[in-house]
Amino acid sequence: MYQPIVDLVTGEVVAYEALARGEGGTPLESPADLFAWARRNDCEADLDLACQAAAMTGALERRLPASVPLFINAEPAWLHVPWPGPLAQVRDQARKRLQVVVEITERALVADPAGLFAAVREVRQAGWGVALDDVGAHPASLALMPFIEPDVIKLDLRLIQQNTTAEIAAVINAVIAQAERTGAIVLAEGIETEQHRSRALAMGATLGQGWLLGRPGPLPGRHPVPQHDLSFTRGHHCPPATPFEAVRQVRPARISTKDLVLPMSHYLENHALGDSTPVLLSAFEDVTHFTPQTAIRYEKLSQQCAFVAALGAGMEAAPAPGVRGADLRSDDRLAGEWVVAVIGPHFSGALVAKDLGDSGPDRERRFECVITYDRDLVLEIARSLFDRIDPI
């Protein structure tokens, strides 16, 4: 089934979302029941690929032009799975003839950020767009949204259909800020009344879908060229080798002892709690610097952050409850850097310090140190750290 996506001002159909349905009249007609059955029978990946291929096949057969994007839902966990021969042929045709936008659910951000970012890179390398679905259903993921830089931000229907609370206001402000920074398109789901349409426009949405605008059905055979140009050309990011190599090109470094760097790192860690459910990523050079006191502190931080990670040579996969760990290779230059990066929906800051290799007392060890609050630079630093965390 295909549901139209509509320009909220003109009413023009500008895209379609493909929606999976089981065979009519069977217990598996509902997509929720269908995918629950697939999970129980260990064939969810097969079903996910089959649904994507079916959506593309329908669009190819109805000659959907590239000027009308096709939104397809995909589970990030299966984006790495090789497509079987016949389905791969469908995918290759779609790459040539369709403009595909892969929809990824917001819950995937919290479940496995590192795996999701790897999947997003693959989608962009294929030349497809990325939509982040159900934004607002899991507010903790708002801080992770900047790492994806979605082309389309889809507002969860409860934001449109419920009265505005402080929580909903926080989500809308984060979405507006993201759209303003990146040019992302905001799309509202669940529009069933004119009041819903008005609320969506007030929240910054330009596109919408819902029963007021069009119900799911067969894809029409004729497709006028829309006036609303939806082309997605955002490139994929190539993280720098290390955070220090990223900052030293644009910011001067100062020589500081550990005695000074340590309270600065604690300040940033604690500042993370001032923003709603931020991301905290830290590199400790070696696991010996992730002390028992640090483990206790990071466990507490993980209870209030969307995601917390600690990297270092010899670091375990879970160095503290709620904390993701990453073991650095012996030849990784990051093992000589001390990094704290905090990204929230509104706040961002990072400390990057390169060890100068002093052999004296620990508190007197010297570092080349840079502190920055430049959001783009902090994101680049954080992406370099995320790139070293293995997907689940």
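Up top you'll find the structure we're talking about.
What counts, and where the lines are drawn
- Residues numbered from 1 in each chain as written.
- Predicted model: local features only at pLDDT ≥ 70, side-chain atom pairs only at ≥ 80, totals over all residues.
- Heavy atoms only, no water.
- Pairing = 2+ DSSP bridges.
- Helix = DSSP H or I, 4+ residues; strand = E, 2+ residues; numbered from the N terminus.
- Axes fitted to C-alpha atoms, helices over the stretch in contact; angles between N-to-C directions.
- Phe/Tyr/Trp six-rings, centres within 6.5 Å; stacked < 30°, edge-to-face > 60°.
- Buried < 20%, exposed > 50% of the residue type's maximum accessible area, 1.4 Å probe, protein only.
- Lys NZ or Arg CZ within 6 Å of the ring centre and 35° of its normal.
- Contact = heavy atoms within 4.5 Å.
- Polar contact = N/O pair within 3.5 Å; in protein donor to acceptor, adjacent residues only side chain to side chain.
- Core = buried A, V, L, I, M, F, W, Y, C linked by side-chain atoms within 4.5 Å.
- Salt bridge = Lys/Arg side-chain N within 4 Å of Asp/Glu carboxyl O.
- Arc of directions from axis to C-beta.
- Right-handed = clockwise from strand over helix to strand, strands pointing away.
- Parallel < 35°, antiparallel > 145°, perpendicular 65-115°, else oblique.
- Left-handed = near helix turned anticlockwise from the far one by under 90°.
- Nonpolar A, V, L, I, M, F, W, Y, C, P; charged D, E, K, R; others polar.

**Student:** Looking at this model, I keep getting lost on the sheet that holds strand 13 (residues 337–343). Mind explaining?
**Tutor:** The strands that make up a sheet are held in pairs by hydrogen bonds between backbone atoms, and each pair lies either parallel or antiparallel. Spatial ordering of the open sheet is given by 9-15-14-13-10-11-12, a layout of seven strands whose pairing is mixed. The two strands at the open ends of the sheet, each matched to only one other strand, are strand 9 (254–257) and strand 12 (324–327). Neighbour-to-neighbour, the strand axes of this sheet turn through a mean angle of 20°, independent of strand direction. Two elements, strand 13 and strand 14 (residues 348–355), share seven bridges in a ladder whose sense is antiparallel. Across the sheet, Ile343 pairs through a bridge with Ser348, a residue of strand 14.

**Student:** Would you mind showing me how to read the packing of aromatic side chains here?
**Tutor:** The geometry of an aromatic ring pair comes down to the distance between the two centres and the angle between the two planes. If you walk through the whole model with that rule in mind, you get nine aromatic pairs. Their ring planes at 85° and their centres at 4.8 Å tell us that Phe117 and Phe386 sit as a pair that is edge-to-face. Placement of Phe117 in helix 5 (residues 113–125) and of Phe386 in helix 13 (residues 375–386) is noted, with a sequence separation of 269 residues between them. Each member of the pair, Phe117 as well as Phe386, is classed as buried. Judged by centre distance (5.8 Å) and plane angle (75°), the rings of Phe290 and Tyr298 are edge-to-face. Exposure remark for Phe290: the relative accessible area of 9% places this residue in the buried category. Ring-pair connections join several aromatic residues into one group, and the members of that group are Phe117, Phe147, Phe307 and Phe386. A cation over an aromatic ring shows up here: Arg95 above the ring of Trp128, its NZ or CZ 5.5 Å from the ring centre.

**Student:** Honestly, the sheet that holds strand 4 (residues 100–105) in this entry has me stumped. Any pointers?
**Tutor:** The sheet built from eight strands closes into a barrel, its strands ordered 1-2-3-4-5-6-7-8 with mixed pairing. With three bridges connecting them, strand 2 (residues 13–18) and strand 3 (residues 70–73) associate as parallel partners. If you follow Tyr16 over to strand 3, its bridge partner there is Leu70. Strands strand 5 (129–135), strand 6 (152–155) and strand 7 (185–188) of the sheet are contacted by helix 8 (residues 166–182), whose axis makes an angle of about 165° with strand 6.

**Student:** Help me understand the side chain of Glu245 in this model?
**Tutor:** By the secondary structure assignment, Glu245 is in helix 10 (residues 243–247). In this structure Glu245 comes out as buried when scored by relative accessible area, which is 17%. A polar atom in the side chain of Glu245 sits 2.6 Å from the side chain of Arg333. When sequence neighbours within four positions are dropped, the list of residues in contact with Glu245 reads Arg333 and Glu337.

**Student:** Can you help me understand the nonpolar core in this one?
**Tutor:** One broad trend across soluble globular proteins is that nonpolar side chains are buried collectively. In this structure, Leu98, Phe147, Leu281, Leu311, Phe386 and Ile389 are the most contacted members of the largest nonpolar core, which totals 86 residues. In terms of residues, this core owes the most to one element, helix 13, which gives seven residues. Other than its neighbours up to four places away in sequence, Leu311 contacts Ser282, Ala283, Phe284, Glu285, Ala326, Leu328, Leu334, Leu385, Arg388 and Ile389.

**Student:** Any chance you could explain the pattern of salt bridges here in plain terms?
**Tutor:** Between side chains of opposite charge, pairing is possible as soon as their charged atoms come close. If you walk through the whole model with that rule in mind, you get 22 salt bridges. Overlapping salt bridges, with partners in common, bring together Lys258, Glu285, Asp355, Asp362 and Arg365 in one network.

**Student:** Please explain helix 1 (residues 31–40) as it appears in this structure.
**Tutor:** Note that an α-helix has 3.6 residues per turn; residues three or four places apart therefore point the same way. All buried positions along helix 1 are accounted for by Leu34, Phe35 and Ala38. In a view along the axis of helix 1, the buried residues occupy a sector of 90°, so they form one face of it. Among the exposed residues of helix 1, those oriented more than 90 degrees off its buried face are Ala32 and Arg40. In this structure, the buried residues of helix 1 make contact with helix 2 (44–61). Following helix 1 by one or two positions, Asp42 has its phi on the positive side, about 60°.

**Student:** Even after reading the chapter, I still don't get the pairing of strand 3, so can you show me in this structure?
**Tutor:** Remember that side chains alternate between the two faces of the sheet whenever the strand is regular. Pairing analysis gives four bridges linking strand 3 to strand 4, with the strands arranged parallel. When the sheet's bridge partners are listed, Leu70 is paired in strand 4 with Val100. For the crossover that starts at strand 3, traverses helix 3 (residues 85–97) and ends in the parallel strand 4, the hand is right-handed.

**Student:** What exactly am I supposed to notice about the environment of Arg197 here?
**Tutor:** For Arg197, the location among the structural elements is in helix 9 (residues 194–202). Taking the C-alpha atoms as reference, Arg197 lies 37 Å from Glu380; in sequence the two are 183 residues apart. The residues touching Arg197, leaving out its near neighbours within four places in the chain, are Leu8, Ile191, Leu212 and Leu213.

**Student:** Would you mind going over the packing of helix 2 against helix 3 with me for this structure?
**Tutor:** The angle between the axes and the distance between the axes are what describe a pair of packed helices. Two elements in contact, helix 2 and helix 3, have axes whose closest approach is 9 Å; the angle formed by their N-to-C orientations is 50°. As far as their axial angle goes, helix 3 and helix 2 are oblique. The crossing of helix 2 and helix 3 is left-handed. Taking contact as the criterion, the partners of Leu49, Ala50, Ala53, Met56, Thr57 and Leu60 in helix 2 are, on helix 3, Leu87, Val90, Arg91, Gln93, Ala94 and Arg97. Taken together, the residues that form the contact of helix 2 with helix 3 break down as eight nonpolar, two polar and two charged.

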